[in-house]
Amino acid sequence: MNTNMIEITLENFQQVIIDESKNKLVLVSFWAEQVPESITLRDALATKVAPFTDHILLASVDCQSQGQIAQQFGIQGLPTAILVKDSQPLDGLSGPQEETTIAAFLDKYLPKAEDLLLQQAQTFLIENKLADALQAISQAYQENNERADIKLVLADVLLQSGKNDEARALLDSILMADQDSYYKALIAKLELADEAANSPEIQALETQLKNNPDDAVLTQQLAAQYNQVNRNEEALALLFNLVRAGGTINDDGSNSAVKSRELLLDILKSLPDGDLLATKYRRKLYTLMY
C-alpha cells in the first residue's frame, strides 16, 4: 500500500477525520481484499493525489477489519471513496471508475499546475531568489495568462529584475476589478524605477556623451549608471561597442577595452542564471574573442 496513505482505525479516527479535515481535504478510500476493484480505485487515487500532499490527505479503510468505521460512513458497496472536509462528507465516488472519471473528480478539488507554480514563485520571491521566482512564475503564466494574481507576481519579479517595460505591459493589462493594493504598490514601484532610470545624473552623462561620443571614460560612467538602475541592455551595448572598438585587449591594461570588458563581465555575472540578455552578450563576447 502507498506509504503516503493513512490507514484509518478506531484509534486514529478522531485525528484523521475530525482534526485533519479542518486543515485539508481528506479523501477516504474504502476497500476489501475480496473486492479487487476497490483496491484498484484505492491505488489509482494514491497515484493521482501523490503530488498534492499539502492540499489533500489520502486515507483508507479496510472494510474487513474496520467494519464499524465503514458503517459509520454508511458504506453500502465497494469500491467507494468519500471526500471529507471539516469532518463532513463533501463528495464521493462509487463503483468501478475509469481513469478519466477519477481525474475529472479530483480536478474539482486539487490545485491546478499554475496554482502550485504561483505558490513556488511567491516563496522564491520572499527568499529573494529572483531567478527561481522568474522561472516558476513564467511557467505559471504559460499555463494561464489571464489570471491577474499570476500577472501581478510576474510583474513584481520583472520589476525586481529591472525589466520595467515588460512589467509595465503586464500591469497595463490588469482589469479595473483586479487593481487591488498589490497592484497599486507595483504601480508605485514602477514609477520610482522610472524616475531612477532617468535621473539627472544619467541625463547629464547622456548629454556629455552626445557631445563627446568617442570619450571612453564617459561611456563607461554612463554604462555603470545604467547598470545601477537595471538598464542593463543599454549598459552592455555601450561596453560591448568599446570592447569591439578597442582591438586587441592587452593584459597590462594599456587599452581602454580592458576596463570595458571588466565592467561588461561584472554586469553579466550580476544577471540571473539563464537570463537571455546575459546569454546574448556572452555569445557576442565569445565571437569577438575567438
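Residues numbered from 1 in each chain as written. Predicted model: local features only at pLDDT ≥ 70, side-chain atom pairs only at ≥ 80, totals over all residues. Heavy atoms only, no water.

Draft legend 1. How the structure looks around the pattern of salt bridges. Counted under the stated rule, the structure contains 14 salt bridges. For the salt bridge of K108 with D91, the shortest nitrogen-to-oxygen distance reads 3.1 Å. Pair noted here: K108 is in the loop between α4 (99–107) and α5 (113–126) and D91 is in strand β5 (residues 88–94), with a separation of 17 residues, a long-range link. Here D91 falls in the partly exposed class, since its relative accessible area comes to 22%. One salt bridge connects D194 with R168, and the closest N-O pair in it is separated by 2.4 Å. Here D194 is found in helix α9 (residues 181–197), whereas its partner R168 is found in helix α8 (residues 164–172), with 26 residues between them in sequence. For D194, a relative accessible area of 29% corresponds to the partly exposed category. Each of E114, D115, R147 and D149 takes part in a single network of salt bridges with overlapping partners. (Salt bridge = Lys/Arg side-chain N within 4 Å of Asp/Glu carboxyl O. Helix = DSSP H or I, 4+ residues; strand = E, 2+ residues; numbered from the N terminus. Buried < 20%, exposed > 50% of the residue type's maximum accessible area, 1.4 Å probe, protein only.)

Draft legend 2. Up close: unusual backbone geometry. Here L78 and P79 are connected by a cis peptide whose omega angle stands at 0 degrees. Secondary-structure assignment places P79 in the loop between α3 (67–72) and β4 (80–85). Even without being glycine, N230 reaches a positive phi, approximately 65 degrees. Of note, N230 is situated in the loop between α11 (216–228) and α12 (232–245).

Draft legend 3. Spotlight on the packing of helix α7 (residues 148–160) against α9. At a minimum axis separation of 10 Å, α7 and α9 run at an interaxial angle of 20 degrees. One element, α7, and the other, α9, form an angle in the roughly parallel class. Judged by the twist between their axes, the crossing of α7 over α9 is left-handed. Contacts between α7 and α9 involve L152, V153, A155, D156, L159 and Q160 from the first element and Y182, Y183, L186, K189 and L190 from the second. Partitioned by chemical class, the residues of the contact of α7 with α9 number eight nonpolar, one polar and two charged. (Axes fitted to C-alpha atoms, helices over the stretch in contact; angles between N-to-C directions. Parallel < 35°, antiparallel > 145°, perpendicular 65-115°, else oblique. Left-handed = near helix turned anticlockwise from the far one by under 90°. Contact = heavy atoms within 4.5 Å. Nonpolar A, V, L, I, M, F, W, Y, C, P; charged D, E, K, R; others polar.)

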